[in-house]
Amino acid sequence: MKYTQLGRTGLKVSRLVLGTMNFGPQTGEPESHSIMDSALDSGINFFDTANVYGWGENKGRTEEIIGTWFAQGGDRRAKTVLATKVYGSMSREGDTWPNYDRLSALNIRRAVDASLKRLQTDYIDVYQFHHVDRLTPFEEIWQAVEVLIQQGKILYAGSSNFPGWKIAQANETATRHGRLGLVSEQCIYNLAERRAEMEVIPAAQAYGLGVIPWSPLHGGLLGGVIKKEVEGGRRASGRSADALANTAVRAQVQAYEDLLDKHGLEPGEVGLAWLLTRPGVTGPIVGPRTQEQLDSALRAVELELPQEVLAGLEETFPGPGTSPEAFAW
């Protein structure tokens, strides 16, 4: 495994991030534990989750699975850089009581304590804001974060799904108050969705945030979905199916798969390897449901893409261009 610094911090993290969103809803606890053991054994030390994972009436279930894994000991917690998130409502269906969502100081305090209990740990390495809160000023957010740091409950703060100007606003506010501010940004970023290159990634680089792409294969669209349909009769579903219904997108994905087939490369591994070549990227989040999917992701770290392939990828999935030139003269 290769490692890098998380943004401008001194924290060393793996170039792959283990995403845990499937733990609980799709992958049972024993297999989830096995995947986490394999990830750690392979050198992946950066694990990502969120308080709402588990979804519906099972919100928090994913954190609980991680917590029972930590409880097995063997330096699991000490070796893991743990990131979780706050923002979404943790209320159950029919419960509309206020102050159990967003980024008020009250909810941040409640949410971190609840996450720590589920995770069976006394601190979170990177506590991330899952979404922008248009109702809470950053002065309040940073005050709450500073209290948690002083209490030893969190070490760093990160963001997710923030536009570039919110990254700037958050860190300018933090600087005025003598605080470190955001150290990472999770954003959707992959070959098929490159809008982050216009504003989000440049802002993250300017303010020293590590970029952690989520959905690196665009919901399976970049994982050889057409080839799987042809060879195994496995139909695309979810985001992939919706995208492939568009004739132009299907032609684009077919060109992508044809390019990689020509070079004997696996689409899913190339999608991850491409992200690892991108400026500002710390590491993509991989969310394996099975050991086989984890093994495939690990191979991507060692994959060196030939220049011909990189050029072909750029031609097939051109980026949006630099801001403001992409939309101005």
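Residues numbered from 1 in each chain as written. Predicted model: local features only at pLDDT ≥ 70, side-chain atom pairs only at ≥ 80, totals over all residues. Heavy atoms only, no water.

### What about the packing of helix 8 (residues 225-232) against helix 10 (residues 247-262)?
- It is the contact of helix 8 with helix 10, at a shortest axis distance of 8 Å, that shows an interaxial angle of 80°. In this view, helix 8 runs roughly perpendicular relative to helix 10, as classed from their interaxial angle. Where helix 8 abuts helix 10, its residues Val225, Ile226, Lys227 and Glu229 lie against Arg250, Val253, Gln254, Glu257 and Asp261.
- When grouped by side-chain class, the residues that make up the contact of helix 8 with helix 10 number three nonpolar, one polar and five charged. (Axes fitted to C-alpha atoms, helices over the stretch in contact; angles between N-to-C directions. Helix = DSSP H or I, 4+ residues; strand = E, 2+ residues; numbered from the N terminus. Parallel < 35°, antiparallel > 145°, perpendicular 65-115°, else oblique. Contact = heavy atoms within 4.5 Å. Nonpolar A, V, L, I, M, F, W, Y, C, P; charged D, E, K, R; others polar.)

### A short note on a negative patch on the surface
- Among the surface-exposed residues, Glu231, Asp258, Asp261 and Glu266 lie close enough to one another that they form a single negatively charged patch.
- With respect to the helices and strands, Glu266 occurs in the loop between helix 10 and helix 11 (267-275). (Patch = residues over 30% accessible without salt bridge, like charges linked within 9 Å, V, L, I, M, F, W, Y side chains within 5 Å. Areas by Shrake-Rupley, 256 points an atom, 1.4 Å probe, with all protein chains shown as cover. Salt bridge = Lys/Arg side-chain N within 4 Å of Asp/Glu carboxyl O. Lys, Arg positive; Asp, Glu negative; His and termini not counted. Charge placed at Lys NZ, Arg CZ, Asp CG, Glu CD.)

### Some details on unusual backbone geometry
- The omega torsion across Ser323 and Pro324 is 5°, close enough to zero to call that bond cis.
- Here Pro324 is to be found in the segment after helix 13 (307-316).
- The backbone phi angle of Asp75 is positive, close to 65°, even though this residue is not glycine.
- One non-glycine residue, Ser215, lies in the positive phi region at around 55°.
- Counting through the fold element by element, Ser215 comes out in the loop between strand 9 (210-214) and helix 8.

### A word on the sheet that holds strand 7 (residues 154-160)
- Spatially, 9-8-7-6-5-4-3-10 is the arrangement adopted by the eight strands of the open sheet, whose pairing is parallel. With one partner strand each, in any of the chains shown, strand 9 and strand 10 (285-286) form the two edges of the open sheet.
- Strand direction decides the pairing type here: strand 8 (residues 182-188) and strand 9, joined by five bridges, are parallel. Bridge assignment links Ser184 to a residue of strand 9, and that residue is Gly210. (Pairing = 2+ DSSP bridges.)

### Topic: helix 8
- Looking at helix 8, one finds that the buried residues are Val225, Ile226 and Glu229. Angular distribution of buried residues about the axis of helix 8 spans 110°; they occupy a single face of the element. Helix 8 presents Glu231 and Gly232 as exposed residues on the side facing more than 90 degrees away from its buried surface.
- Residues of helix 8 that are buried make contact with helix 9 (238-244) and helix 10. (Buried < 20%, exposed > 50% of the residue type's maximum accessible area, 1.4 Å probe, protein only. Arc of directions from axis to C-beta.)

### Quick look at the environment of Pro30
- Within the secondary structure, Pro30 sits in helix 1 (residues 29-41).
- Between the C-alpha atoms of Pro30 and Ile65, which are 35 residues apart in sequence, the distance is 9.0 Å.

### Structural notes on the nonpolar core
- One finds Tyr127, Phe129, Trp142 and Leu313 to be the most contacted residues of the largest nonpolar core, which totals 70 residues.
- When residues in this core are grouped by element, the largest group, six residues, is from helix 5 (residues 138-150).
- Excluding residues within four positions of it along the chain, Phe129 makes contact with Val86, Leu103, Ile141, Trp142, Val145, Ala157, Gly158, Ser159, Ser160, Phe162 and Leu182.
- Leu6, Val13, Ile212 and Ile285 belong to the second largest nonpolar core, which has 12 residues in total. (Core = buried A, V, L, I, M, F, W, Y, C linked by side-chain atoms within 4.5 Å.)

### A few points about the pattern of salt bridges
- One pass over the structure, following the stated rule, counts 17 salt bridges.
- Across the pair Glu29 and Arg61 runs a salt bridge whose closest N-O atoms are separated by 2.6 Å. Linking Glu29 in helix 1 with Arg61 in helix 2 (residues 61-70), this pair joins segments that are 32 residues apart in sequence.
- The class for Glu29 is partly exposed, based on a relative accessible area of 24%.
- With a shortest N-O distance of 3.3 Å, Glu314 and Arg194 are connected by a salt bridge. Linking Glu314 in helix 13 with Arg194 in the loop between strand 8 and helix 7 (200-206), this pair joins segments that are 120 residues apart in sequence.
- Owing to a relative accessible area of 34%, Glu314 belongs among the partly exposed residues under this scheme.
- Several salt bridges converge on common partners, so that one network encompasses Arg194, Glu197, Arg278 and Glu314.

### Observations concerning the side chain of Glu197
- Following the sequence through the fold, Glu197 ends up in the loop between strand 8 and helix 7.
- The class for Glu197 is buried, based on a relative accessible area of 16%.
- A polar side-chain atom of Glu197 sits 2.6 Å from a polar atom in the side chain of Tyr189.
- Reaching out from Glu197, the side chain makes a polar contact with the side chain of Arg194 at a distance of 2.9 Å.
- Other than its neighbours up to four places away in sequence, Glu197 contacts Tyr189, Pro202, Trp274, Arg278, Gly319 and Pro320. (Polar contact = N/O pair within 3.5 Å; in protein donor to acceptor, adjacent residues only side chain to side chain.)

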